[in-house]
Amino acid sequence: RVSRNKKLGGVVMKGLKVLTVTLVSLFLLSGLAYATPSTQIWIPSTDIQAFKKMHLGIDTYIKTQSRDGITEATVTNIGLTTGVLPFEKIQMEVGIDYRDTGGDHTYPFLFNAKLGIPEGALFKDSPAFAVGGYDFGTKDNVTDYNIVYGIIAKTFGKLGRLSAGYYNGNDKLLLDINGNKDNDSVLLSWDRTISEISDKLWAAIDYQGGENSYGALSFAVAWKFAPNVGIIFGYDIYNESTYKPTATIQLDVDF
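Residues numbered from 1 in each chain as written. Predicted model: local features only at pLDDT ≥ 70, side-chain atom pairs only at ≥ 80, totals over all residues. Heavy atoms only, no water.

Caption draft 1: Geometry of the packing of aromatic side chains. Applying the stated criterion across every chain yields a total of six aromatic pairs. Aromatic pair Trp42 and Tyr238: ring centres 5.8 Å apart, planes at 80°, arrangement edge-to-face. Here Tyr238 lies in strand E11 (residues 229-238) and Trp42 lies in the loop between helix H1 (2-29) and strand E1 (54-63), a separation of 196 residues in the sequence. Here Tyr238 falls in the buried class, since its relative accessible area comes to 10%. Sitting over the ring of Phe156, Lys154 keeps its end group 5.5 Å from the ring centre. (Phe/Tyr/Trp six-rings, centres within 6.5 Å; stacked < 30°, edge-to-face > 60°. Helix = DSSP H or I, 4+ residues; strand = E, 2+ residues; numbered from the N terminus. Buried < 20%, exposed > 50% of the residue type's maximum accessible area, 1.4 Å probe, protein only. Lys NZ or Arg CZ within 6 Å of the ring centre and 35° of its normal.)

Have a look at this one:
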């Protein structure tokens, strides 16, 4: 049974990879130059940008502890994402990031795409579902993390929204501290608008499994300063303790 489940999981992830590579390829071939996919704090969400809406995201990750007496570089990610399908029940977004790590601008461009169905689209109270990929880089086994994922989400009234999914990436880059491949694991999150205080206030917790450089538990709150402008203030604790925690500030602007 375990062997059969592993084979089934492999088939599912292979299918996700094929779909995601197709989506990203269509995006690249179309000549569009439009951030990380729509996310919670760290992990992808089932949210998708509306048709023709442009989203600017500026995310900064600042190390809060030194490592062997040395503070690691701050990472800044600037990206654009846009919705490309004019339908209500099936939606798609594509995006491009420019990522700077402590002044290193080598192969900075990364691409992403996501296809999904919003809550209630299939039937009353049906969950949202999305498949996609991100951090498709331009240099083989250097920046092509090629993370593909599937995620499902459902809102439960005042409890908020719960999301769960799975991801798989390049096993040459997603490694644990010992150099062993660690390229797949779970995606989990909770998020909610704190309407008891203000409809402008939002909070979230998310988790990406694995002891690779992506595995982390993140906490954040956000405030909408305008209908199209919000800022997230968060903190990331990495699963592998060698990776020091980061404070994150994320500016989101819709056009």
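Caption draft 2: The arrangement of the pairing of strand E9 (residues 201-208) in detail. By the criterion of burial, E9 is predominantly enclosed, with six of the eight residues buried. Across seven bridges, the pairing between strand E8 (residues 184-193) and E9 is antiparallel. Bridge pairing in E9 links Leu188 to Tyr207. As judged from the eight bridges shared by E9 and strand E10 (residues 216-226), these two strands associate in the antiparallel manner. Within E10, the residue paired with Trp202 across the bridge is Ala222. (Pairing = 2+ DSSP bridges.)

Caption draft 3: Layout of the pattern of salt bridges. In the structure shown here, the tally under the stated rule is eight salt bridges. Note that Glu93 is salt-bridged to Lys114, the shortest N-O span being 3.8 Å. Taken together, the positions of Glu93 in strand E3 (residues 91-101) and Lys114 in strand E4 (residues 109-117) put the pair 21 residues apart, joining distant regions of the chain. On the basis of relative accessible area, Glu93 is assigned to the buried category, the value being 0%. On the basis of relative accessible area, Lys114 is assigned to the buried category, the value being 0%. Put simply, Asp171 and Lys172 hold a salt bridge, and the shortest N to O gap is 3.5 Å. Overall, Asp171 belongs to the partly exposed group, its relative accessible area being 29%. (Salt bridge = Lys/Arg side-chain N within 4 Å of Asp/Glu carboxyl O.)

Caption draft 4: Molecular detail of the pairing of strand E2 (residues 75-83). Two elements, E1 and E2, share eight bridges in a ladder whose sense is antiparallel. Bridge pairing in E2 places Met54 opposite Thr82. Two elements, E2 and E3, share nine bridges in a ladder whose sense is antiparallel. Within E3, the residue paired with Val75 across the bridge is Thr101.

Caption draft 5: Layout of the side chain of Glu240. Considering the arrangement of structural elements, one finds Glu240 in the loop between E11 and strand E12 (246-254). For the buried Glu240, no salt bridge exists, and the shortest N-O distance to an oppositely charged side chain is 7.5 Å, to Arg67. Here the side chain of Glu240 touches Thr242 through a polar contact of 2.8 Å, side chain to side chain. Once you skip the residues sitting within four places of it in the chain, Glu240 turns out to touch Ile177 and Glu211. (Lys, Arg positive; Asp, Glu negative; His and termini not counted. Polar contact = N/O pair within 3.5 Å; in protein donor to acceptor, adjacent residues only side chain to side chain. Contact = heavy atoms within 4.5 Å.)

Caption draft 6: Quick peek at the side chain of Asn212. With respect to the helices and strands, Asn212 occurs in the loop between E9 and E10. By relative accessible area, which is 0% here, Asn212 ends up buried. At 2.8 Å, the side chain of Asn212 and the backbone nitrogen of Tyr214 are in polar contact. Dropping the residues within four chain positions of it, Asn212 is found in contact with Tyr167, Leu174, Leu175, Asp182 and Tyr243.

Caption draft 7: Quick peek at a nonpolar patch on the surface. Residues Ile78, Tyr98 and Phe109 make up a contiguous nonpolar surface patch of roughly 260 Å² in combined accessible area. Within the element layout of this structure, Phe109 appears in strand E4. (Patch = residues over 30% accessible without salt bridge, like charges linked within 9 Å, V, L, I, M, F, W, Y side chains within 5 Å. Areas by Shrake-Rupley, 256 points an atom, 1.4 Å probe, with all protein chains shown as cover.)

Caption draft 8: The sheet that holds E10, seen in detail. What the twelve strands build is a closed barrel, ordered E1-E2-E3-E4-E5-E6-E7-E8-E9-E10-E11-E12; its pairing is antiparallel. Sheet twist, expressed as the mean angle between neighbouring strand axes with direction ignored, is 20°. Pairing geometry for E3 and E4, over eight bridges, is antiparallel. Counted as the bridge partner of Asp97 is Leu110 from E4. (Axes fitted to C-alpha atoms, helices over the stretch in contact; angles between N-to-C directions.)

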